[in-house]
Amino acid sequence: MLSPAALTEIDREVAKYPPLRKQSAVMSALRIAQIELGWLSPETIEYVANYLEIPAIAAWEVATFYNMYELKPVGKYKLSVCTNLPCTLMGAESAVEYLQRKLGIGFNETTPDGKFSLKMSECMGSCGEGPLLTINNHKMKVRLTPEVIDEILAGLE
Amino acid sequence: MANEVIFHSIHLPESWKLENYLKVGGFDALKKVIAEQMPAEEIINQVKISALRGRGGAGFPTGLKWSFMPRQFPGDKYVVCNTDEGEPGTFKDKDIIRYNPHQLIEGMVIAGYTLGAVAGYNYIHGEIFECFERFEAALEEARAANLLGKNILGSGWDFDIHAHHGYGAYVCGEETALLESIEGKKGQPRFKPPFPASFGLYGKPTTINNTETLASIPYIVKHGGQKFLELGKPNNGGTKIFSVSGHVAKPGNYEIGMGTPFKELLAMAGGIKDGRKLKAVIPGGSSVPVVPGEIMMDVTMDYDSISKAGSYLGAGSVIVMDETVCMVKALERLSYFYFEESCGQCTPCREGAGWLYRVIQRIEHGQGRAEDLALLESVAGNIMGRTICALGDAAAMPVQGMLKHYRNEFEYHIKHGKCMVNGG
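No experiment lies behind these values; they were computed from the predicted model shown.

Before going further, it helps to examine the overall build of chain B. Looking only at helices and strands, one finds 17 helices and 11 strands in chain B. A compact globule built from 424 residues should have a C-alpha radius of gyration of about 22 Å, and chain B, at 22 Å, falls within 12% of that. Classification of the 424 residues of chain B by burial places 62% in the buried group. Once local pairs closer than 6 in sequence are excluded, the contacts in chain B between residues at least 24 apart make up 70%. As displayed, chain B offers around 15000 Å² of accessible surface, 53% of which is attributable to carbon and sulfur atoms.

Here it is as structure tokens:
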């Protein structure tokens with residue numbers, strides 16, 4: 001189900017922890033699986049659990065507890081915008097309005113062409129550079145203005 | 001007194017590279033520890049003299065925490081660094097691993113040596129994944145230079161550090177939830193006692209410190225605890241990084257001596273944006289009570305002074321609000337955060353945080369009832385001190401602070417169904 005490259009990456013994570021503590025790598029393994037497959041289906045979660053030799057429920061608990069895992073398909077680019085207080089003071093509301101108008105979708109929706117999904121996010125620990133968003137969890141874009149947003153969207157093929 | 005301890009090299013190009021850290025005296029402290037075979041007691045003593053207090057929010061004396069570790073305990077012991085920074089207003093640890101990761105590594109290695117640990121883990125907030133990758137690259141550099149891993153600097157001593165990322169759960173910043181998360185579980189806090197020093201990661205003795213705390217260690221070892229103490233003031237040693245966000249002209253991190261007047265910090269951050277007036281400050285991250293601007297202008301930035309003003313220094317996360325802010329709306333957003341992030345383990349927090357949010361939401365949206373403020377006080381009071389971890393208190397304290405200082409705004413909302421600040 002996962003490519004050899006992804007499995008090698010998971011093995012590298014497993015090696016960080018003591019022997020018999022493979023469960024410690026489950027957060028990374030689910031992240032790696034999500035990057036490769038776009039989201040975590042029940043089959044993917046069980047596959048990861050089997051690979052790490054842990055009960056499926058243990059992987060399920062993690063996948064459902066942490067909010068950066070996607071348990072349903074999302075668009076090719078998931079844009080998560082922080083809307084917490086510091087970002088709101090620094091203009092998150094207008095950034096969200098602009099994004100929603102430009103993409104024609106609200107939070108937790110995906111554009112009809114499957115390209116963009118929009119999520120409301122909690123604090124990303126980067127408030128000095130707000131308002132901000134992440135692209136597919138891992139790439140952060142900061143100090144959002146209409147111009148910056150236009151540039152970000154134009155750069156996503 | 002700015003940028004003395006942590007951000008001393010931040011102005012240099014590629015300050016995060018090992019070669020550049022070495023150029024500014026990086027790893028001198030570790031070399032000294034190993035060359036002189038410094039006794040652990042001596043290092044702990046210097047940390048005690050420095051009056052370094054935990055920079056993650058609780059402010060617990062670091063030297064004392066280190067002395068709890070049963071160093072003679074046979075078997076594995078761990079050092080864990082908490083870079084799971086996700087409380088609204090906090091963003092200092094991100095810049096430490098982004099601009100000066102090797103100083104944190106050096107601090108963690110010295111901690112490992114002092115506490116007799118076999119390995120260290122740095123738990124990094126999942127949302128700053130690019131910084132997680134940079135920290136991993138720094139670990140590789142340090143291993144290649146024999147500053148980490150097997151037989152460090154020819155000492156015959158092995159110690160390695162690994163990075164572990166979160167993936168979207170504020171509660172993992174709580175130290176025992178963080179340990180659960182490293183073990184690959186849901187991040188639900190453990191009941192204490194036992195404390196991590198006796199039953200920590202994988203049930204082994206573990207010391208958990210904040211990123212800024214550990215990154216301060218090389219300075220203390222190199223220059224002595226007394227010099228660090230003198231950068232701040234008694235009982236509040238050292239410099240501290242203050243993260244200033246909100247309505248200021250130049251938001252960002254400012255490393256200054258403990259005890260610096262808030263006025264000066266505000267001026268460093270460019271003052272209030274667009275020439276408006278200061279209304280209020282949340283001085284230590286979203287979970288601490290709000291302080292009105294006029295009180296704040298007389299406060300100095302240290303644990304004791306902010307505590308006298310009725311709030312907490314916390315992680316040094318200063319959220320500045322100008323006169324246009326509606327406190328009901330501000331509190332609505334914060335209360336949603338705690339409702340969303342409660343791990344669900346303790347009933348007072350799981351149910352109470354949702355209750356607080358729903359009541360504040362109806363006040364904000366013009367449907368408040370006359371009895372709502374008493375209800376909020378009752379719910380907040382019944383969460384406080386009745387949960388396993390501090391997230392419950394963190395949900396309750398902002399409500400109590402807002403009602404103490406800005407009760408009239410809530411009353412106006414309830415009576416008139418609209419806002420007295422901006423009419424909306």
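On we go from here.
A few words now on the packing of aromatic side chains. Within this structure, the stated rule accounts for 19 aromatic pairs over all chains. Residues Phe337 of chain B and Tyr338 of chain B carry aromatic rings whose centres are separated by 4.9 Å and whose planes lie at 75° to one another, so their mutual orientation is edge-to-face. Overall, Tyr338 of chain B belongs to the buried group, its relative accessible area being 1%. The structure contains a cluster of three or more aromatic residues connected by ring pairs, namely Tyr17 of chain A together with Tyr78, Tyr121 and Tyr202 of chain B. Taking the ring centre of Trp16 of chain B as reference, the NZ or CZ of Arg134 of chain B above it sits at 3.6 Å.

As a further point, take helix α15 (residues 347-364) of chain B. Residues three or four positions apart in an α-helix share a direction because the helix packs 3.6 residues into each turn. The first and last C-alpha atoms of α15 of chain B sit 25 Å apart over 18 residues, in line with the 26 Å expected at 1.5 Å per residue. With its phi angle positive at about 80°, Gly366 of chain B sits one or two positions after the end of α15 of chain B.

Another aspect to go through is the sheet that holds strand β2 (residues 109-110) of chain A. All names here are of chain A. Reading across from one edge, β2-β3-β1-β4-β5 is the order of the 5 strands in this open sheet, with mixed pairing throughout. Looking along the sheet, the strands with just one partner apiece sit at the ends: β2 and β5 (139-141). Of the strand pairs in this sheet, strand β1 (residues 77-82) and strand β4 (residues 133-135) are connected by 3 bridges, and their pairing is antiparallel. Across the sheet, Ser80 pairs through a bridge with Thr134, a residue of β4.

Residues and elements named next belong to chain B. Taking burial as the measure, the 5 residues of strand β8 (residues 278-282) include 4 buried ones, the bulk of the element. Sheet topology places β8 next to strand β11 (residues 317-322); 4 bridges connect them, and they run antiparallel. Its bridge partner being in β11, Ala280 is matched across the sheet by Met321. As judged from the 2 bridges shared by β8 and strand β9 (residues 291-292), these two strands associate in the antiparallel manner. Opposite Val281, over in β9, you have Val291 as the bridge partner.

Next up on the list: the interface of chain B and chain A. With 57 residues of chain B at the contact, the number on the chain A side is 41 residues. Between chain B and chain A, the buried area comes to about 4100 Å², and carbon and sulfur atoms account for 55% of it. If you sort the residues of chain B by the area they bury against chain A, Glu127, Tyr167 and Arg333 of chain B come out on top, with a joint share of 20%. Across the chain B-chain A interface, the total number found is 8 salt bridges. Across the salt bridge formed by Glu129 of chain A and Arg98 of chain B, the nearest N and O atoms sit 3.3 Å from each other. Taken together, chain B and chain A are joined by 29 residue pairs in polar contact (both at pLDDT 80 or more). Every element with two or more residues in the side of chain B that touches chain A is listed here: α5 (92-99), β2 (119-124), α7 (129-144), β3 (160-165), α8 (175-182), β5 (239-246), β11 and α14 (327-341) of chain B. The element contributing the most residues to the side of chain B that touches chain A is α14 of chain B, with 8 residues. Tallied by class, the residues present in the side of chain B that touches chain A amount to 26 nonpolar, 17 polar and 14 charged.

Let us look at the nonpolar core. Grouped together as the largest cluster of nonpolar side chains are 60 residues, with contacts concentrated most on Trp66, Ile105, Val109, Phe135 and Ile161 of chain B. Of all hydrophobic cores here, the second largest spans 53 residues; its members include Leu2 and Tyr66 of chain A together with Cys172 and Ala395 of chain B.

Residues and elements named next belong to chain B. Pairing in this open sheet of 4 strands is parallel, and the strands run β3-β2-β1-β4 from one edge to the other. Two strands close off the open sheet at either side, each with one partner strand: β3 and β4 (206-210). The sheet shows a mean angle of 20° between the axes of neighbouring strands, taken without regard to direction. Relative to β3, β2 runs parallel, the two being bridged by 6 bridges.

Okay, the pattern of salt bridges next. Under the definition given, this model contains 40 salt bridges over all chains. With a closest N to O distance of 2.6 Å, Lys78 of chain A and Glu70 of chain A form a salt bridge. Here Lys78 of chain A and Glu70 of chain A have matching classes, each one buried. Across the salt bridge formed by Glu212 of chain B and Lys240 of chain B, the nearest N and O atoms sit 2.8 Å from each other. Highlighted residues: Glu212 of chain B in helix α9 (residues 211-223) and Lys240 of chain B in strand β5, separated in sequence by 28 residues. The class of Glu212 of chain B is buried, set by a relative accessible area of 1%.

What follows covers a nonpolar patch on the surface. Residue and element names in this part refer to chain B. Together, Phe60, Leu64 and Phe68 line one region of the surface with nonpolar side chains, adding up to about 270 Å² of accessible area. By the secondary structure assignment, Leu64 is in helix α4 (residues 62-67). A residue is classified by how much of its surface remains accessible, and Leu64, at 34% relative accessible area, is partly exposed.

So, how was this worked out
- Residues numbered from 1 in each chain as written.
- Chains lettered and ligands numbered in written order.
- Predicted model: local features only at pLDDT ≥ 70, side-chain atom pairs only at ≥ 80, totals over all residues.
- Heavy atoms only, no water.
- Helix = DSSP H or I, 4+ residues; strand = E, 2+ residues; numbered from the N terminus.
- Rg over C-alpha atoms; globule rule 2.2 N^0.38 Å.
- Buried < 20%, exposed > 50% of the residue type's maximum accessible area, 1.4 Å probe, protein only.
- Contact = heavy atoms within 4.5 Å.
- Areas by Shrake-Rupley, 256 points an atom, 1.4 Å probe, with all protein chains shown as cover.
- Phe/Tyr/Trp six-rings, centres within 6.5 Å; stacked < 30°, edge-to-face > 60°.
- Lys NZ or Arg CZ within 6 Å of the ring centre and 35° of its normal.
- Expected span 1.5 Å × (residues − 1).
- Pairing = 2+ DSSP bridges.
- Buried area = accessible area lost by both parts, 1.4 Å probe.
- Salt bridge = Lys/Arg side-chain N within 4 Å of Asp/Glu carboxyl O.
- Polar contact = N/O pair within 3.5 Å; in protein donor to acceptor, adjacent residues only side chain to side chain.
- Nonpolar A, V, L, I, M, F, W, Y, C, P; charged D, E, K, R; others polar.
- Core = buried A, V, L, I, M, F, W, Y, C linked by side-chain atoms within 4.5 Å.
- Axes fitted to C-alpha atoms, helices over the stretch in contact; angles between N-to-C directions.
- Patch = residues over 30% accessible without salt bridge, like charges linked within 9 Å, V, L, I, M, F, W, Y side chains within 5 Å.

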